[in-house]
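Chain by chain, the residues:
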Amino acid sequence: MYVLGIESSCDECSAAVVENGSRILSNVIATQISIHAPYDGVVPEIASRTHTEWVQPVVARALEEAALGKGDIEGIAVTNRPGLVGSLLVGLSYAKGYAYALGVPLVAVDHIRAHLYAPHLEFQIDYPYLGLIVSGGHTIITRVESFDDIEVLGTTIDDACGEAFDKVAKHFGYGYPGGVAIDRLARTGNPEAFSFPDPSLHKGEHRYDVSYSGLKTAVINQLEQFRNTEKEPSSEDIAASFEKAAVDLLVRRVTKAIADTGLSRIVAGGGVAANTYLRQKLKSLNGLEVFFPSLKLCTDNGAMIAGIGYHYLDGGVRSPLTVNAYSRVEGFRKTYP
Ligand code: KG4
Ligand code: ZN
């Protein structure tokens, strides 16, 4: 089955064609980074307006690169949650019109689940596994039984990991998107130049939870208090020390969850899964299989939407043309015993 996937939840306008949830025929990603860069962050109004201009040519290009015509498309998958509602509505409305016109089934999918599906487009991965979803809006440690059966073990109690990268980068003027800028600077910095405190969150119901607002405040407002060196620290040193603190916290929680659950596989997805230090650190854990998507499939893309969408469509799931867009997803809250 050829599925067209459409993604417009934030600042990437993307469309892809994926065959049977596994073979990527095309994955066109038109990024709005240069449009939002002057503001050091995504401006929702500009994002949705740009999607309205781009969605049609992006879909046309996805078909062209897949060497398919409209009539070859057998189903359409589109992100309808979570994200910026104005942006989501553009892709969703376009997908509805397209599905209606072609007379093919439509399924609206969850962007978070799709991030975790992304590595399945590149690797044969068996369930169950420990799933780590780290993006600009989410930081979630999960036990994954199937593409749609995901139990939340831990999450952030305040800011998302990517959000902390973005805010620190914005404060120091390192560039946008912040995660990419910090990753680049950190490579030549001294990660020991500063020692930032750990959030004191590790027991009971918060065993696998993380917190990033304290670290963000420490880096932005209290930097000098945590300095270890006499030498004047560089931007590279600040970036490397922050990145180490942010990633080490995540890796400690993941290690604990692996030890408790006995799972032997880790699968990561989301924009922060592109981070060089996180990739090195998780891959160096002993006795585990660790899967990261390639960099293009870490950040937002239509292929992950088409990929997961295929499994819903194949299972008979259909969304009506009245399906709406939602900024949040309730299912990704942790359920306390
Ligand atoms: O998954 P994504 O494209 O969009 C959301 O669903 O949020 O993730 C975007 C986030 C941003 O916070 C961005 O700064 C971060 O991913 N990011 C990175 C890297 N590349 C993107 N963070 C750390 N290191 C990177 N290399
Ligand atoms: Zn995303």
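Look above for the structure.
Thresholds applied
Residues numbered from 1 in each chain as written. Chains lettered and ligands numbered in written order. Predicted model: local features only at pLDDT ≥ 70, side-chain atom pairs only at ≥ 80, totals over all residues. Heavy atoms only, no water. Donors = N, O, S within 2.8 Å, 3.2 Å for Na, K, Ca; no water. Helix = DSSP H or I, 4+ residues; strand = E, 2+ residues; numbered from the N terminus. Buried < 20%, exposed > 50% of the residue type's maximum accessible area, 1.4 Å probe, protein only. Near = heavy atom within 4 Å. Polar contact = N/O pair within 3.5 Å; in protein donor to acceptor, adjacent residues only side chain to side chain. Areas by Shrake-Rupley, 256 points an atom, 1.4 Å probe, with all protein chains shown as cover. Nonpolar A, V, L, I, M, F, W, Y, C, P; charged D, E, K, R; others polar. 1 Å grid on protein atoms, 1.4 Å probe; cavity = no way out; pocket = protein on both sides within 12 Å on 5 of 7 lines; lining within 4 Å. Points joined across faces, edges and corners; volume = space filled by probe spheres on them.

### Description of the coordination of the zinc ion (ligand 2)
The expected angle between donors at a tetrahedral four-coordinate metal is 109.5 degrees. At an octahedral six-coordinate metal it is 90 or 180 degrees.
Phase 1 of the analysis: Within the protein, His 111 (NE2), His 115 (NE2) and Asp 300 (OD) serve as the donor atoms for the zinc ion (ligand 2), at 2.0 to 2.1 Å.
Phase 2 of the analysis: All donor residues of the zinc ion (ligand 2) come from one chain, and their arrangement in sequence is H-x3-H-x184-D. Of this pair, His 111 and His 115 both sit in helix H4 (residues 111–117), four residues apart, which is roughly one turn of the helix.
Phase 3 of the analysis: In this structure His 111 comes out as buried when scored by relative accessible area, which is 7%.
Phase 4 of the analysis: Classification of His 115 as buried rests on a relative accessible area of 1%.

### Notes on the site of ligand 1
Phase 1 of the analysis: Near ligand 1 there are 18 residues, and of these His 115, Gly 136, Asp 166, Gly 179 and Asp 183 occur at the shortest range.
Phase 2 of the analysis: Separating an oxygen atom of ligand 1 from a backbone N or O atom of Gly 162 is a distance of 3.2 Å.
Phase 3 of the analysis: In the model, an oxygen atom of ligand 1 is placed 2.6 Å from a nitrogen or oxygen of the Asp 166 side chain.
Phase 4 of the analysis: Here ligand 1 loses 88% of its free accessible area of 550 Å² to cover by the protein chains.
Phase 5 of the analysis: Those elements that provide at least two residues to the shell around ligand 1 are H4, helix H5 (161–172) and helix H6 (178–186).
Phase 6 of the analysis: For the shell around ligand 1, the class distribution of residues is four nonpolar, eleven polar and three charged.

### Points about empty space enclosed by the protein
Phase 1 of the analysis: Overall, the coordinates contain one cavity of 30 Å³ or more when judged by the stated rule.
Phase 2 of the analysis: Its volume calculated, the largest cavity comes out at about 40 Å³.
Phase 3 of the analysis: Lining the largest cavity are Arg 113, Leu 116, Tyr 117, His 120, Tyr 127, Tyr 129, Val 144, Ser 146, Phe 147 and Ile 150.
Phase 4 of the analysis: Secondary-structure elements contributing two or more residues to the lining of the largest cavity are H4 and strand E7 (139–146).
Phase 5 of the analysis: Of all the elements, H4 adds the most residues to the lining of the largest cavity, at three residues.
Phase 6 of the analysis: Residue classes in the lining of the largest cavity are distributed as seven nonpolar, two polar and one charged.

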